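What follows is each chain in one-letter form.
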Amino acid sequence: MQKSQVLLVGTAVALLIVLLAFGRTIPRPEKGQKAMPTAASMSSGQDVQPISFSDLLSSAKKKIPAEKLLLINSWENKVVRGDVKNQQIAAYKALYATWDSLNQLPVAAYYLGQAAKLENSEKSLTFAANLFLEHLQHAPEPGIMKWEAQQAIELLDQAITLNPGNDSLKIQQALVYMNTGEPMTGVQKLRAVVAEHPDNVEAQVTLANLAITSGQYDKAIERLEALLPRHPEEAKIYFVLAEAYRSKGDVKKAVDLFQKCKELLKDPALKAEIDGYIKSIQ
């Protein structure tokens, strides 16, 4: 379960355990990207205005050496003049590599995204989307974060069009919405996944998490109790169901479920974390 899929679970200790125990479930680029963050800085939601790329680019250009600026300008001209798709892709990738070497990650991700759109492959599109998601957790201001979220959503849209059966991409996109100021859009997308594939564990668990966050403990319990018989080996279901019961006040039931969750884990350190958490709630 990604950090952003937690949204949620009651205490910092519980959150830590979920992060440690369940890892990531949505594919990332080959180099390995960090999970998208929970977005406290986006609490104003849709009121946040995204920065324009022209403003972002202008600001970045003021921070780089003159010789690098000349190189970048030459590649930008090649993009404009290029009338062959492969030439444009090469120019965009050169711009990506140059900006990446200058540690201007949002600008670099933009150019890789432009190349991915032209390549129009699911792999390149999701890789570029994840570059934006990786930097989301380091965005210095909400406007940049919102812009990065929009870029990731656009890339994921194109990837989903290419592979409409990939529920992982749909869930990932829903999580971007939920963590960057548009929770109801994310919820609607998750519900669409569940409507088509009721046994999708990640979507069901994320919706249950959201129900816990909003105090709808019975709804979370009902959802997970229905899911559990079909996926009795999924530790994350036991964990989040336990959190729902704990939040409702049924500590005994929660402890039983945490114990079952622990039995499914192989890592001794994680088992110890669960034991510590059980002691803290009894």
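All of these numbers come straight from a predicted model, not from anything done at the bench.

Draft legend 1. Seen up close, unusual backbone geometry. A positive phi angle, near 65 degrees, is found at Asn103, a position not held by glycine. Residue placement: Asn103 occurs in the loop between α5 (85–101) and α6 (105–119). Residue class for Asn103 comes out exposed when judged on its relative accessible area of 58%. Notably, Asn120 is not glycine yet its phi reads approximately 55 degrees, a positive angle. Within the secondary structure layout, Asn120 lies in the loop between α6 and α7 (122–136). The exposure class assigned to Asn120 is partly exposed, which follows from its relative accessible area of 37%.

Draft legend 2. Structural detail: the environment of Gln151. Summarising the element assignment, Gln151 is placed in helix α8 (residues 142–162). A residue is classified by how much of its surface remains accessible, and Gln151, at 12% relative accessible area, is buried. Along the sequence, Gln151 and Ala109 sit 42 residues apart, while their C-alpha atoms lie 9.2 Å from each other. If near-sequence neighbours (up to four positions away) are discounted, Gln151 is found in contact with Tyr110, Lys117 and Phe132.

Draft legend 3. Representation of helix α15 (residues 268–281). For α15, which comprises 14 residues, the first-to-last C-alpha distance of 20 Å matches the rise-based estimate of 20 Å (1.5 Å per residue) to within 8%. Of all the positions in α15, only Leu270, Ile274, Tyr277, Ile278 and Ile281 are classed as buried. Here the buried residues of α15 occupy an arc of 105 degrees about the axis, which is enough to place them on one side. For α15, exposure combined with an orientation more than 90 degrees from the buried face picks out Pro268, Lys279 and Ser280. The opening residue of α15, the one whose side-chain oxygen lies 2.9 Å from the backbone nitrogen of Ala269, is Asp267.

Draft legend 4. Focus on the packing of aromatic side chains. As enumerated under the stated definition, the model contains nine aromatic pairs in all. Three or more aromatic residues joined by ring pairs form one cluster here, namely Phe53, Tyr92, Tyr110, Tyr111, Phe132 and Trp147. Of note, Lys78 hangs over the ring of Trp75, and the distance from its end group to the ring centre comes to 4.1 Å. Across from the ring centre of Tyr245, 5.6 Å away, lies the NZ or CZ of Lys253, which sits over that ring.

Draft legend 5. Up close: the nonpolar core. Judged by nonpolar contacts, the single largest core of 43 residues is most densely connected at Phe53, Trp99, Val107, Tyr111 and Phe132. Elements with a contribution of two residues or more to this core: α3 (53–61), α4 (66–81), α5, α6, α7, α8 and α9 (167–179). With ten residues, α8 is the single largest residue contributor to this core. Not counting chain neighbours up to four residues away, the residues in contact with Phe53 comprise Val107, Tyr110, Tyr111 and Trp147. Counting residues in hydrophobic clusters, the runner-up holds 30 residues, among them Ile212, Leu224, Tyr238 and Leu270.

Draft legend 6. The arrangement of the side chain of Lys236 in detail. Note that Lys236 resides in helix α13 (residues 235–248). Look at Lys236 and you get buried, because its relative accessible area is 6%. At 2.7 Å, the side chain of Lys236 forms a polar contact with the side chain of Glu202.

Draft legend 7. Local environment of the pattern of salt bridges. Here the structure, examined in full by the defined rule, presents eleven salt bridges. In this structure, Lys61 engages Glu76 in a salt bridge whose closest nitrogen and oxygen atoms are separated by 3.1 Å. Taken together, the positions of Lys61 in helix α3 and Glu76 in helix α4 put the pair 15 residues apart, joining distant regions of the chain. By relative accessible area, which is 21% here, Lys61 ends up partly exposed. Notably, a salt bridge pairs Glu202 with Lys236, separated by 2.7 Å at the nearest N-O pair. You can see Glu202 sitting in helix α11 (residues 201–213) and its partner Lys236 sitting in helix α13, a full 34 residues away along the chain. The residues Glu202 and Lys236 share a single accessibility class, namely buried.

Thresholds, definitions, all that
Residues numbered from 1 in each chain as written. Predicted model: local features only at pLDDT ≥ 70, side-chain atom pairs only at ≥ 80, totals over all residues. Heavy atoms only, no water. Helix = DSSP H or I, 4+ residues; strand = E, 2+ residues; numbered from the N terminus. Buried < 20%, exposed > 50% of the residue type's maximum accessible area, 1.4 Å probe, protein only. Contact = heavy atoms within 4.5 Å. Expected span 1.5 Å × (residues − 1). Arc of directions from axis to C-beta. Polar contact = N/O pair within 3.5 Å; in protein donor to acceptor, adjacent residues only side chain to side chain. Phe/Tyr/Trp six-rings, centres within 6.5 Å; stacked < 30°, edge-to-face > 60°. Lys NZ or Arg CZ within 6 Å of the ring centre and 35° of its normal. Core = buried A, V, L, I, M, F, W, Y, C linked by side-chain atoms within 4.5 Å. Salt bridge = Lys/Arg side-chain N within 4 Å of Asp/Glu carboxyl O.

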